[in-house]
Amino acid sequence: MADTNRTATLNIDGKSYDLPIFSPTVGPDVIDIRKLYSDADVFTYDPGFTSTAACESAITFIDGDKGQLLYRGYPIEQLAEKSHFLEVCYLLLNGSLPTAAQMDNFEGRVTRHTMVHEQMHYFFRGFRRDSHPMATMVGVVGAMSAFYHDSLDINDPWQREVAAIRMIAKLPTIAAMAYKYSIGQPFVYPQNDLDYASNFLRMCFAVPAEDYKVSPVLAKAMDRIMMLHADHEQNASTSTVRLAGSSGANPFACVAAGIACLWGPAHGGANQACLEMLREIGTVERIPEYIARAKDKNDPFRLMGFGHRVYKNFDPRAKVMKESADEVLDLLGIHDNETLRVAKELERIALEDDYFVSKKLYPNVDFYSGIILEAMGFPTAMFTPIFALSRTVGWISQWKEMIGDPALKIGRPRQLYIGEAARDYTPVESR
């Protein structure tokens, strides 16, 4: 954080307070209000913390106006084109791209940790078969702290590293187990000769009765989904992980908290909500009706998967995801699926209609990832678990950065209290 020797002056009841202004590498300047309460006896009011920088971070940067997303300074488009998910994991965790030797070592460590403790299988039997996979994942990931006692000391850098590797390696296994349990099929163990994305697809779709060959096109699409969802600055679930971690909670508990937050339809459930909307529309013939409703300010209906609260331009991840969506649909030859036909027509309209173009309501990453996952055969209930396993590396990278920050303090947001002032208690018999 660079001190520019500039200050902002705040006037309260005739008294002035000088607040330092800091400049980031890129992005808007920030006003340091840490001493505002002690000096002026006031708080700031910022519901949703949308105008508040709660931490310093060197991991991810977003410029919504430019439609830019950087992982450690690298544009997401370049990484999606030239890199792969585990290399991005290394980049987010360590701050730089790996050498060939470092990449081999990292991939080997992740591969050796993909299996989960055999006793963890029994956890799944405690859930109803129709439990949402996210409910299962919240419980099982939180329970990892009961099995891996040798990586719970957050003050030990090596244990933090081991915990990070374990979560990156085991979340696909746990997500696949949650899926298999929900459909009544036996668990499929990971296979060490497969890449990360292929291994996950095999654990989801293979059965013991026959061989399963992973399509390279599907594996590439899944790898891109994981890469594009790996981190996204200080969003709700990442902030939840940081807030939980600020108390000194173990990393498995913190990631379980992140999964719980991600479950919300306004966050990780967006691509599921998008597919449910497409199914509600039902047929291409009904699209004009729903387009008209979307344009009607008095109608509560809105098109899911279009526009983004952060990106005021085209979502840079959507450009990459559209390529994969086209590749997957061509490979699988899915052209008569009515839901996907609705999706393709909506995409065409959004890219050409003046209303959508003027408001920059372009298809976002959730729109395209939902199409891909639907085409692959995943039920909508699995969309958010796939998001969770992809975002785990971002959560753990942010957690590691926070733990190493000398300015770390336990999170303690303030409030604008609007309840009753102090009053005297009256015994019940006198009321």
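We now turn to the structure provided with this report. (Residues numbered from 1 in each chain as written. Predicted model: local features only at pLDDT ≥ 70, side-chain atom pairs only at ≥ 80, totals over all residues. Heavy atoms only, no water.)

### Some remarks on helix α3 (residues 85-94)
So, point 1. Across the 10 residues of α3, 9 count as buried, placing the element largely inside the fold.
So, point 2. Restricting attention to buried positions, one finds in α3 the residues Phe-85, Leu-86, Glu-87, Val-88, Cys-89, Tyr-90, Leu-91, Leu-92 and Leu-93.
So, point 3. Positive phi shows up at Gly-95, right after α3, with a value of about 90°. (Buried < 20%, exposed > 50% of the residue type's maximum accessible area, 1.4 Å probe, protein only. Helix = DSSP H or I, 4+ residues; strand = E, 2+ residues; numbered from the N terminus.)

### With respect to the side chain of Ser-246
So, point 1. By the element assignment, Ser-246 lies in the loop between α10 (236-245) and α11 (251-262).
So, point 2. Note on Ser-246: relative accessible area 13%, which makes it buried.
So, point 3. There is a polar contact of 2.9 Å between the side chain of Ser-246 and the backbone nitrogen of Gly-411.
So, point 4. Excluding residues that lie within four positions of it along the chain, Ser-246 makes contacts with Met-402, Leu-408, Lys-409, Ile-410 and Gly-411. (Polar contact = N/O pair within 3.5 Å; in protein donor to acceptor, adjacent residues only side chain to side chain. Contact = heavy atoms within 4.5 Å.)

### What to know about the pairing of strand β5 (residues 68-71)
So, point 1. Pairing of strand β4 (residues 60-63) with β5 involves 4 bridges; the strand directions are antiparallel. Residue pairing in the sheet places Thr-60 in a bridge with Tyr-71 of β5.
So, point 2. What sits between the antiparallel neighbours β5 and strand β6 (residues 74-75) is a turn of 2 residues, in which Arg-72 has the positive phi angle 50°. (Pairing = 2+ DSSP bridges.)

### Quick look at the sheet that holds β5
In a beta sheet, neighbouring strands are held together by backbone hydrogen bonds and run either parallel or antiparallel to one another.
So, point 1. Pairing within the open sheet is antiparallel, and its 3 strands lie in the order β4-β5-β6. Edge positions in the open sheet fall to β4 and β6, since each of these has one partner strand only.

### Brief notes about the pairing of strand β2 (residues 15-23)
So, point 1. Relative to strand β3 (residues 30-31), β2 is paired through 2 bridges, and the arrangement is antiparallel. The partner of Phe-22 across the bridge, within β3, is Val-30.
So, point 2. Connecting the antiparallel pair β2 and β3 is a turn made up of 6 residues, with Gly-27 showing a positive phi of about 105°.

### Digging into the packing of aromatic side chains
So, point 1. Considering all chains together, one arrives at 13 aromatic pairs under this definition.
So, point 2. Measuring from centroid to centroid gives 4.7 Å for Phe-205 and Phe-378, while their planes differ by 55°, and the two rings are tilted. In this pair, Phe-205 sits in helix α8 (residues 196-205) while Phe-378 sits in the loop between α17 (365-376) and α18 (383-403), placing the two residues 173 residues apart along the sequence.
So, point 3. Judged by relative accessible area, Phe-205 falls into the partly exposed class, the value being 22%.
So, point 4. By relative accessible area, Phe-378 is classed as buried at 2%.
So, point 5. Through a chain of ring-to-ring contacts, the aromatic side chains of Tyr-179, Phe-200, Phe-205 and Phe-378 assemble into a single cluster.
So, point 6. One residue, Arg-129, lies across the ring of Tyr-181, its end atom 4.1 Å from the ring centre. (Phe/Tyr/Trp six-rings, centres within 6.5 Å; stacked < 30°, edge-to-face > 60°. Lys NZ or Arg CZ within 6 Å of the ring centre and 35° of its normal.)

### Section: the side chain of Ser-237
So, point 1. Tracing the backbone shows Ser-237 in helix α10.
So, point 2. The exposure class assigned to Ser-237 is buried, which follows from its relative accessible area of 0%.
So, point 3. Among the polar contacts listed, one links the side chain of Ser-237 to the side chain of Trp-395, at a separation of 3.1 Å.
So, point 4. Every residue in contact with Ser-237, bar those within four places of it in the chain, is listed here: Gly-258, Cys-261, Leu-262, His-267, Arg-391 and Trp-395.

### Here we look at the packing of helix α6 (residues 133-143) against α18
So, point 1. Remark: α6 packs on α18, axes separated minimally by 8 Å, with the N-to-C direction vectors making an angle of 35°. Residues Pro-133, Met-134 and Met-137 of α6 pack against Thr-384, Pro-385 and Ala-388 of α18.
So, point 2. Partitioning the contact of α6 with α18 into residue classes produces 5 nonpolar, 1 polar and no charged. (Axes fitted to C-alpha atoms, helices over the stretch in contact; angles between N-to-C directions. Nonpolar A, V, L, I, M, F, W, Y, C, P; charged D, E, K, R; others polar.)

### A word on a nonpolar patch on the surface
So, point 1. Together, Tyr-45, Leu-416 and Ile-418 make up a nonpolar patch on the protein surface, roughly 420 Å² of accessible area in all.
So, point 2. On the secondary structure map, Tyr-45 appears in the loop between α1 (36-40) and β4.
So, point 3. Tyr-45 gets classed as exposed once you look at its relative accessible area, which sits at 61%. (Patch = residues over 30% accessible without salt bridge, like charges linked within 9 Å, V, L, I, M, F, W, Y side chains within 5 Å. Areas by Shrake-Rupley, 256 points an atom, 1.4 Å probe, with all protein chains shown as cover. Salt bridge = Lys/Arg side-chain N within 4 Å of Asp/Glu carboxyl O.)

### Points about the nonpolar core
So, point 1. Counting residues in each nonpolar core, the largest one holds 112 residues, and the members touching the most others are Phe-106, Phe-200, Met-222, Leu-346 and Phe-378.
So, point 2. It is helix α7 (residues 157-183) that contributes the most residues to this core, 14 residues altogether.
So, point 3. Ignoring any residue separated from it by four or fewer positions in sequence, one finds Leu-346 in contact with Met-277, Leu-278, Ile-281, Ile-287, Ile-291, Leu-303 and Phe-306. (Core = buried A, V, L, I, M, F, W, Y, C linked by side-chain atoms within 4.5 Å.)

### Things to note about the pattern of salt bridges
Pairing of side chains with opposite charge becomes possible as their charged atoms draw close.
So, point 1. For the coordinates displayed, the defined rule picks out 20 salt bridges.
So, point 2. Close ionic contact of Asp-353 with Lys-295 constitutes a salt bridge, the shortest N to O distance being 3.2 Å. A residue pair is termed long-range when its members are at least 10 positions apart, and Asp-353 in the loop between α15 (338-352) and α16 (354-358) and Lys-295 in helix α13 (residues 287-295) qualify at 58 residues.
So, point 3. Using a relative accessible area of 33% as the deciding quantity, one classes Lys-295 as partly exposed.
So, point 4. Bridged by salt links that share partners, the residues Lys-322, Asp-326, Lys-344 and Glu-347 form one connected network.

In short, shape yes, function no, at least from these values alone.
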